[in-house]
Amino acid sequence: MIIYLDGKYVPKEEAVVSIFDHGLLYGDGVFEGIRAYHGRVFRLQEHLVRLYESAKSIMLEIPVTIEEMEEIVLETLRRNNLRDAYIRLVVTRGVGDLGLDPRKCPKPTLFCIASSIQLYPSELYEKGLEVITVPTRRNISDALSPRIKSLNYLNNIMAKIEANLAGTLEAIMLNAEGYVAEATGDNVFLVKNGVLITPPNYAGLLEGVTRNAVMELAGKEGIEVKETLFTRHDIYIADEVFLTGTAAEIIPVVKVDARTIGDGKPGPITAKLTEAFHKLTEIDGPKIFPEE
Ligand code: PMP
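Every value quoted in this text rests on a predicted model; they were computed, and no experiment measured them.

### Looking at the sheet that holds strand β2 (residues 8-11)
- The strand order β2-β1-β6-β5-β3-β4 describes an open sheet built from 6 strands, whose pairing is antiparallel. Edge positions in the open sheet fall to β2 and β4 (40-41), since each of these has one partner strand only.
- In this sheet, β4 lies alongside strand β3 (residues 29-37) in antiparallel orientation, the contact comprising 2 bridges. Paired with A36 across the bridge in β4 is V41.
- Relative to strand β6 (residues 109-115), helix α3 (residues 66-79) is tilted by about 40 degrees, and along the sheet it contacts β1 (2-5), β2, β3, β4, β5 (85-92) and β6.

The following block contains the structure:
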């Protein structure tokens, strides 16, 4: 495996980062999870824009341009001869001292890993997932905006631990007001009376690239889409529920807090959007090997 690290493509064994890196010491940095399908990098531009916007928000200057970053992602895939992959792109504040002052970190650390990922067992994409809502609330936007894809995932990890302890694979987090925010690494959608509903960004969530793609596809399929606040009750009485994310793709949810959703099977709108999503991955994004 070849990794891009700070300007060089090196074997995995040589891709090491200092223990004084503030990404490690303080979770001070930003990242992206991106996927390549059929030799193309899905929505690469949108992922990069989100990365640069997250970095801007935390006042982290990424040391390469967005065009150079695009080439880093594509070249990492080429060097690993990958056409289908999960890509992790990380920019940290860099090496500093043991204090948290970012002014002590002169040079950001930048790395790109091209590998694979499977969040949930493959049979659950057919059967659907059981999830719970957890006591840990999504952190409030005023403290650390969930719209920033930062390296600080402790809030999400605490929710994941609660799901693990309850014997479920995923958790839905509410915001401080009790409205549904998102899952630990995915956005939440429900379908009620043919309308597709997802919480708006001010509910306190990461605006997923998959979420945006799914809303676009629904529009094209003639499905009404609403971004509106909703509660756990709305989930319990929904006809369909599903989660979206780069790693998760689109996964149906059939049980929430022991309530069966709809008839307990993945629903027709979920299936339609999943099909449209997979079709889109065949044509969307820049080619890894332009000669293909
Ligand atoms: N919410 C959170 C907290 C996430 O970590 C992710 C994964 N990046 C998502 C939502 C889904 O975003 P995307 O579709 O861009 O992967």
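### Some points on the pattern of salt bridges
- Within this structure, the stated rule accounts for 19 salt bridges.
- In this structure, the salt-bridge partner of K107 is D6, at a minimum N-O distance of 4.0 Å. One end of the pair, K107, is in the loop between β5 and β6; the other, D6, is in the loop between β1 and β2, and 101 residues separate them in sequence.
- Through salt bridges that share partners, R43, E46, E216 and D284 make up one connected network.

### Some words on helix α8 (residues 268-283)
- The first and last C-alpha atoms of α8 sit 24 Å apart over 16 residues, in line with the 22 Å expected at 1.5 Å per residue.
- Within the sequence span of α8, burial applies to I269, T270, L273, T274, A276, F277, L280 and T281.
- For α8, the secondary structure elements touched by its buried residues are β3, β10 (187-192), β11 (195-198), α6 (209-220), β13 (240-245) and β14 (249-256).
- Phi turns positive, to about 95 degrees, at G285, one or two residues after α8.

### Quick notes on the site of the ligand
- Contacts to the ligand come from 16 residues, most closely from Y153, E182, V209, T210 and T246.
- E182 has a polar side-chain atom sitting 2.6 Å from a nitrogen atom of the ligand.
- In the complex, the protein chains occlude 95% of the 380 Å² of accessible area that the ligand would expose alone.
- Within the residue set of the shell around the ligand, elements represented by two or more residues are α6 and β13.
- Looking at side-chain class alone, the shell around the ligand contains 3 nonpolar, 9 polar and 4 charged residues.

Thresholds, definitions, all that
Residues numbered from 1 in each chain as written. Predicted model: local features only at pLDDT ≥ 70, side-chain atom pairs only at ≥ 80, totals over all residues. Heavy atoms only, no water. Pairing = 2+ DSSP bridges. Helix = DSSP H or I, 4+ residues; strand = E, 2+ residues; numbered from the N terminus. Contact = heavy atoms within 4.5 Å. Axes fitted to C-alpha atoms, helices over the stretch in contact; angles between N-to-C directions. Salt bridge = Lys/Arg side-chain N within 4 Å of Asp/Glu carboxyl O. Expected span 1.5 Å × (residues − 1). Buried < 20%, exposed > 50% of the residue type's maximum accessible area, 1.4 Å probe, protein only. Near = heavy atom within 4 Å. Polar contact = N/O pair within 3.5 Å; in protein donor to acceptor, adjacent residues only side chain to side chain. Areas by Shrake-Rupley, 256 points an atom, 1.4 Å probe, with all protein chains shown as cover. Nonpolar A, V, L, I, M, F, W, Y, C, P; charged D, E, K, R; others polar.

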